[in-house]
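Architecture at a glance
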Amino acid sequence: MTSVESGSFWQRSRSKIHDEILIKKLLLSHDPDGRRLDSETLLSAAQNIMFYATASEEVSEKPQDANLKSHINIELTPSQEPVVHTIYKIAHEMLCKCPGKEDLHRRTMALFDFLGNYRWDEKVALVLAALATSYGEFCLIMQLRPHVPLAVSLGNFKQVPTNISMLKPQLKALRLLFKTMVDLAKCIIEFEGLPIVYVGPDIENLAAMKSEIYITAYWILRSTLACSSQITNLTALKPEQLLSMDYRLSSIHSHLRQLVNAFRQQTEAKLQQKLVSLFKQSHVDNEEVLQMLFALKDELPLKDCSAETKLGVSELKGKVVLLLVSKPDLLPLEQLFFLVHQTYDHPKRNMVQGSYAIIWVPISVPQTWTDAEEKWFNFLSNSIPFYSVRQPWSLNSAVINFMSQEWKYEDEATMVVLDSAGTVTNLNGLDMAFIWGSEAYPFSVSRENELWDGEHWTMQLMSNEIHPILTQWVAEGRNICIYGSENVDWIREFSAKMKEIKDAGVQLEMIYVGKNNTNDHVKDILITITREIHSNLLSFTEIQLFWLRLESMRRSKTRLGYTDSTDHILAEVLALLYNSDDKGWAAFGKGMTTDIVRVQGGDIIQCLNLFGQWGENVAELEFIGALRTVLEPPLLDGPCNHTEVVPYSEGLIIGSIVCQKCKRLMKKFTTYQ
């Protein structure tokens, strides 16, 4: 070994021994007591202050990595002392001038003793916030001094220099150093936020990585002390001193960033594997599952939007949990209002009150949230009666990837259903909510099949809960005609023919619903209908909900494996959704009966032109039956012995039924099995 190699070896050995001794001292001062502080938000607040403090002289526009929030709320829980008091205490300690390297080390260790009850990420965030606060107050006096007499008096008292331009080198060096310290603090915050406890201790080099965090925290605190002690006398501080500290911290950052990235990838891979395994296991309740999804970094990860209170996942123990996963804009407003109505204002809600809870889980793509998305989330989450993830931008990326890969979440909103034991029982219960509301509880796939088994193609299924008057008409057993078209001429002709029938004494309610994929043209037609033809019950928004329900039925049926060739309801739904007649269509039904007639636009006009011939059958066959005899001529000359069995279901009303073969009124019998 050469003398140079020998010297380098002993230098590295001395440095390692020195670090080991320092780490032991740091750990002796470290005694977290469970208080929690949002260090990431606090660091953003410190960045805001430093940006505005240097903006007038040093920065002409907002830097790309600036995270300037219009409103930042920082809480310390549980603690009797507000965060701002702690920050001012730290700032006071930092502003005490005590020159000398050894003295600086002693003061750094004293600051660690003062911050002993905080986690490592909280220590560095608090200290940087204290530095930013002190420096911000100093710069505020300098910026206001030419305009405000009070600033002049304070500046004179604190001996603030009158010419700020002479401090440009110092300000620039300080800004660069602060940015480097922030980058280091972000590394510590990211590492401390990794769910290492939940993925197991078998992570490579974990002890060495923690040592790096301790040493980095030491140099951040030491550097802030060196800066803050000179704030009131920047003219005496040489830019070279700041740049030298920045160089040292930049070297630490380049090394630490690589380590944290590697640990994050390793931890997230293990977390995703654990999530996959967890959802394959059986559990007594849903607490562990919800903990892994939402409470990796925060013991109160949810908020009750209606009460504006923080919640832990234990509040949902024993409940069916519906995870409404979506983009930050959630749903179109008309769909959101309808979902609220169906799940919280539904007539059958009281039957399952408190049995289930909806949690809104907004996910931004890409995963970096914009300020506009945060504002919209805060507005929406305070306006809806659901629970929501309190800080969705803090969701672990492994959790987001799990939802995308295992639950097939892409871009469209979905509602993943977890039963009271945390087992996934439906990958998308959203369509069930749109179709049946609270009646769909517990929103499982088995319940979805059960509900469809009891359904028939009726006016109630087609239009339920869209409008209270329409729901009442169905319950009263009225004749209802729902029609759709974008052809104004056909609408005028069809409406005129229907008016003639109504004038002849036939009770009939007419409702216009446009066509699927409603647009502004439908709005214009709706105005024309209301002004010229008849008052329409449904607004444009309610028309959109009509088609939303049909689309939900299509998705639900298709997801369960039904086909239009074997399922009557799906066939009828598809016929309405994808109607290609350039004139229009009409569907006639009575109340809750299963007798519904759907007619294409050209055929119905021809049929109505012959009302004088078949209208006399209305008294015997009722309007729907009489209409069917014209649209579907009898296959036989006389009566037949055809039998049709209609399974019983609760709420189903069987009206007069016309035989499909001879088109005569069928006799009704009740059989028991």
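For the structure itself, look to the data block above.
What counts, and at which threshold
- Residues numbered from 1 in each chain as written.
- Predicted model: local features only at pLDDT ≥ 70, side-chain atom pairs only at ≥ 80, totals over all residues.
- Heavy atoms only, no water.
- Pairing = 2+ DSSP bridges.
- Helix = DSSP H or I, 4+ residues; strand = E, 2+ residues; numbered from the N terminus.
- Axes fitted to C-alpha atoms, helices over the stretch in contact; angles between N-to-C directions.
- Contact = heavy atoms within 4.5 Å.
- Buried < 20%, exposed > 50% of the residue type's maximum accessible area, 1.4 Å probe, protein only.
- Salt bridge = Lys/Arg side-chain N within 4 Å of Asp/Glu carboxyl O.
- Lys, Arg positive; Asp, Glu negative; His and termini not counted.
- Polar contact = N/O pair within 3.5 Å; in protein donor to acceptor, adjacent residues only side chain to side chain.
- Expected span 1.5 Å × (residues − 1).
- Right-handed = clockwise from strand over helix to strand, strands pointing away.
- Phe/Tyr/Trp six-rings, centres within 6.5 Å; stacked < 30°, edge-to-face > 60°.

Topic: the sheet that holds strand β10 (residues 479-484)
Strand pairing in a sheet relies on backbone hydrogen bonds, with the paired strands running either antiparallel or parallel. The four strands lie next to each other as β11-β10-β12-β13, forming an open sheet whose pairing is mixed. Edge strands, defined here as strands with exactly one partner in the open sheet, are β11 (509-512) and β13 (596-600). Strand-to-strand twist in this sheet, taken as the mean axis angle between neighbours without regard to direction, amounts to 20°. By the bridge criterion, six bridges tie β10 to strand β12 (residues 585-590) in an arrangement that is antiparallel. Each bridged residue has a counterpart across the sheet, and for glycine 484 the counterpart in β12 is tryptophan 585. Its contacts with the sheet place helix α23 (residues 601-609) against β12 and β13, and it is angled at close to 105° to β13.

Describing the pairing of strand β8 (residues 414-418)
The buried fraction of β8 amounts to five of the five residues, a majority that puts the element mostly inside the structure. With burial as the criterion, each face of β8 is covered, one bearing Thr414, Val416 and Leu418 and the other bearing Met415 and Val417. Bridging between strand β5 (residues 320-326) and β8 involves five bridges; their strand directions are antiparallel. Following the sheet pairing, leucine 322 is matched in β8 by valine 417. Where β8 lies against strand β9 (residues 424-426), two bridges are found, and the strand directions are antiparallel. Paired with leucine 418 across the bridge in β9 is valine 424.

Details of the pattern of salt bridges
As enumerated under the stated definition, the model contains 27 salt bridges in all. Salt-bridge contacts for arginine 264 lead to glutamate 190; the nearest nitrogen and oxygen are separated by 2.7 Å. Pair noted here: arginine 264 is in helix α10 (residues 239-278) and glutamate 190 is in helix α7 (residues 168-192), with a separation of 74 residues, a long-range link. Of the residues examined, arginine 264 reaches a relative accessible area of 23% and is grouped as partly exposed. According to the relative accessible area criterion, glutamate 190 is partly exposed, its value standing at 23%. Via salt bridges that share partners, Asp431, Glu448, Glu551, Arg554, Arg555 and Arg559 belong to a single interconnected network.

Observations regarding the side chain of aspartate 246
Of note, aspartate 246 is situated in helix α10. Buried aspartate 246, no salt bridge; nearest opposite-charge side chain is lysine 179, N-O distance 8.5 Å. Within the structure, the side chain of aspartate 246 is placed 2.4 Å from the side chain of threonine 180, a separation counted as a polar contact.

As for unusual backbone geometry
Omega for the bond connecting tyrosine 441 with proline 442 falls within 30 degrees of zero, at 10°, which places this linkage in the cis form. Mapped onto the fold, proline 442 is located in the loop between α15 (430-436) and α16 (445-453). Even without a glycine there, the phi angle at leucine 330 is positive, about 60°. Residue placement: leucine 330 occurs in the loop between β5 and α12 (333-344). Here leucine 330 falls in the buried class, since its relative accessible area comes to 6%. One non-glycine residue, phenylalanine 443, lies in positive phi territory at about 65°. Tracing the chain through its elements places phenylalanine 443 in the loop between α15 and α16.

Let's talk about helix α21 (residues 540-559)
When the terminal C-alpha atoms of α21 are compared, their 29 Å separation across 20 residues agrees well with the 28 Å that a helix rising 1.5 Å per residue should span. Following α21 by one or two positions, glycine 561 has its phi on the positive side, about 95°.

Quick notes on the environment of valine 630
Inspection of the secondary structure assignment puts valine 630 in helix α25 (residues 618-631). For valine 630 and leucine 610, which are 20 residues apart along the polypeptide, the C-alpha to C-alpha distance reads 8.6 Å. The contacts of valine 630, once residues within four sequence positions are left out, are Cys607 and Trp614.

Digging into the pairing of β5
Most of β5 is tucked away: seven of the seven residues are buried. Neither face of β5 is left uncovered, since the one carrying Val320, Leu322, Leu324 and Ser326 and the one carrying Val321, Leu323 and Val325 both have all their residues buried. A crossover links β5 with its parallel partner strand β6 (residues 356-362), the connecting element being α12, and its sense is right-handed.

Quick word on the packing of aromatic side chains
Aromatic ring pairs: the centre-centre distance and the angle between the two ring planes describe each pair. What the rule picks out here adds up to 26 aromatic pairs. A centroid spacing of 5.5 Å and a plane angle of 90° characterise the contact between phenylalanine 279 and tryptophan 407, whose relative ring orientation is edge-to-face. Taken together, the positions of phenylalanine 279 in the loop between α10 and α11 (287-294) and tryptophan 407 in the loop between α14 (397-406) and β8 put the pair 128 residues apart, joining distant regions of the chain. On the basis of an interplanar angle of 75° and a centroid distance of 5.5 Å, the ring pair of tryptophan 369 and tryptophan 393 is categorised as edge-to-face. With tryptophan 369 in the loop between β6 and α13 (371-381) and tryptophan 393 in the loop between β7 (387-389) and α14, this residue pair connects regions lying 24 residues apart in the sequence.

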